[in-house]
Each structure stands twice: as C-alpha cells, then as structure tokens.
Amino acid sequence: MNIHSISSPSHALFKYVLRQGDTPLILAQRLCEWCGHAPELEIDLALSNIGLDLLGQARHFLSYAATLSGQDEDHLAFWRHEREFCNLLLVEQPNGGFNDTLVRQFFIDAYHVLLHQALGQSRDPQLAAISAKSLKEAEYHLRFSRGWMIRLGDGTKLSHEKIQQSVNQLWRFTGELFHCDEMEQQLAEEGIAVDPRRLREPWRQIISDTLTEATLEMPQEVPYRQGGKQGLHTEHLGYILAEMQYLQRTYPNCNW
C-alpha cells in the first residue's frame, strides 16, 4: 500500500498523524548517534535525553496512526520503505559537528513548540492530548538549544563562525516546515490539523530574536528544499533506516 496515494478522509488523518510521528522518530535516531561522542558529558546526556523524549513522542503518534490503519507502531517504524516515510527533510540531515546538530535542533525546536501549541487545540482529542504532553518537552528542548545558540554565537570567533556557517547551510531546509499541501489544508479547515503557514511568522520571530542575541545574522532567502512530507527524501534517509531497521528486518518478529 502506497500511503501517499490514499485520499479518503480517514486515510488523510492517518497520513497527517504519520507525518507528526516520523519527524521526531528520525530526529531521535540522529540525536542518539551522539551517544558517547558528544564534546562534553553534559551535552552527551542532554542530547540522549532529548532523543528519548522525541522517541516517546514518535511512539504516541505512530501508535495512534496504527489504530487508524489496522497496523501496529513497530510495523510503521521498521517495515516501511524510504519513500513511505513522511518526515521533514531537516531532521534527516547529518549530525556533522556539534554546531550543525545544534542549529538543526534549534530550528526544529522552535517549530515544534509552535506546532504543539496549535495542535493542542485540535478537534481530534487524541492529537490534542499527544501535543499537550509533547509541548512541555518541546519547550525544554528549545530552552536548551536556544541557550547554546546564544552561548556559541556570542562566544569565541571560531564558535561564532561555525554556528553562522551551520545556520546558512541548513536554512534551505526550513521552508518545508511551513509548506501546506491540499491534505493539510483540508484537515486544518476541519479544525483537526494545523495550517503550517500560520507558524511561519512567529517561528521567524523566535529565530530572529535568538540570532540577534547571539550576534548572528539571518540568512538571505535561498531556494528551499521540500518533499519529505510526500516521501521525497535526501540521500541520507536510506542510511538512517538501514541502521534503525536492521534488527527487525534480519530477525523478523524477534522478542527480547
């Protein structure tokens, strides 16, 4: 079954919930790659804990998606192929140095706070409940990433240059956060989903205020990359899935 070809109302909700689950799932996988490799023990623990928070959020969304599709959350996580994942392109970008990971995290944290604030008002009680719980974690994540953005941006000459470079490089993936397709628009009009276009200006305000405090510059507008929500990914996702899905695909239905 190609999830991107489904058009019925119930499957539209399934696809939307799947999008909300796939983004934190892939980001959690990325963050946990830092375990044992972060520049400081404090950062190592923080990134791992944030990754676990995101994994918990992903499980809630995927569990709900599973009830809508008659599958289970493990099947959705481990048995879908690359083109069936609906995560934002931003979160599948490589960790790079800590500066790249930090900027990626800051961009998505600011987005997640606004998303969960709005989605907490959804007419769908399950979506509203998941987002209300996720918001508390997203606010902590944003405090962490914003604090480090300011500390390193307004730090040494080298740290300032590295953070600015990462901001400039990852900026082209931020436009997709606010791209609204027909399915999202319809669900938003029904009071179920959030029209991501409403989040653009408050997101830019958070980013602008933080960059100003960090003595960093807002990037110039560039051609934006998008397509992740429709299953069109960068070359990086396949490698993430190969590692994440290896055990289940090698030993199907294994139990601990």
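In short, a report on the structure. (Residues numbered from 1 in each chain as written. Predicted model: local features only at pLDDT ≥ 70, side-chain atom pairs only at ≥ 80, totals over all residues. Heavy atoms only, no water.)

## Here we look at the overall build of the protein
When its secondary structure is counted, the protein shows 10 helices and zero strands. A compact globule built from 256 residues would reach a C-alpha radius of gyration of about 18 Å, and the protein, at 18 Å, matches this within 12%. In terms of principal-axis extent, the alpha carbons of the protein reach across some 55 × 45 × 30 Å. The buried share of the protein, reckoned over its 256 residues, is 54%. Across the protein, contacts joining residues at least 24 apart in sequence account for 79% of those joining residues at least 6 apart. (Helix = DSSP H or I, 4+ residues; strand = E, 2+ residues; numbered from the N terminus. Rg over C-alpha atoms; globule rule 2.2 N^0.38 Å. Buried < 20%, exposed > 50% of the residue type's maximum accessible area, 1.4 Å probe, protein only. Contact = heavy atoms within 4.5 Å.)

## Let's talk about the packing of aromatic side chains
Tallying each qualifying case throughout the model produces eight aromatic pairs. Their ring planes at 35 degrees and their centres at 5.6 Å tell us that W171 and W203 sit as a pair that is tilted. Of this pair, W171 sits in the loop between α6 (157-170) and α7 (182-189) while W203 sits in helix α8 (residues 200-213), placing them 32 residues apart in sequence. The exposure class assigned to W203 is buried, which follows from its relative accessible area of 1%. Each residue in the set F106, F107, Y111, W171, F178 and W203 is aromatic and connected to the rest through ring pairs, giving one cluster. Directly above the ring of F85 sits R80, whose terminal nitrogen or CZ lies 4.0 Å from the centroid. Geometry around W148 places R151 over its ring, the cationic atom sitting 4.1 Å from the centre. (Phe/Tyr/Trp six-rings, centres within 6.5 Å; stacked < 30°, edge-to-face > 60°. Lys NZ or Arg CZ within 6 Å of the ring centre and 35° of its normal.)

## Details of unusual backbone geometry
At T215, a position not held by glycine, the phi torsion is positive, near 60 degrees. Following the sequence through the fold, T215 ends up in the loop between α8 and α9 (236-244). Here T215 falls in the partly exposed class, since its relative accessible area comes to 39%.

## Examining the nonpolar core
Most often, soluble globular proteins keep nonpolar side chains buried together rather than apart. Counting 77 residues, the largest nonpolar core has Y16, F107, Y111, L127, M149 and W203 as its most contacted members. By residue number, the principal contributor to this core is helix α4 (residues 98-119), which donates 13 residues. (Core = buried A, V, L, I, M, F, W, Y, C linked by side-chain atoms within 4.5 Å.)

As far as function goes, none of this settles anything; it's purely spatial.
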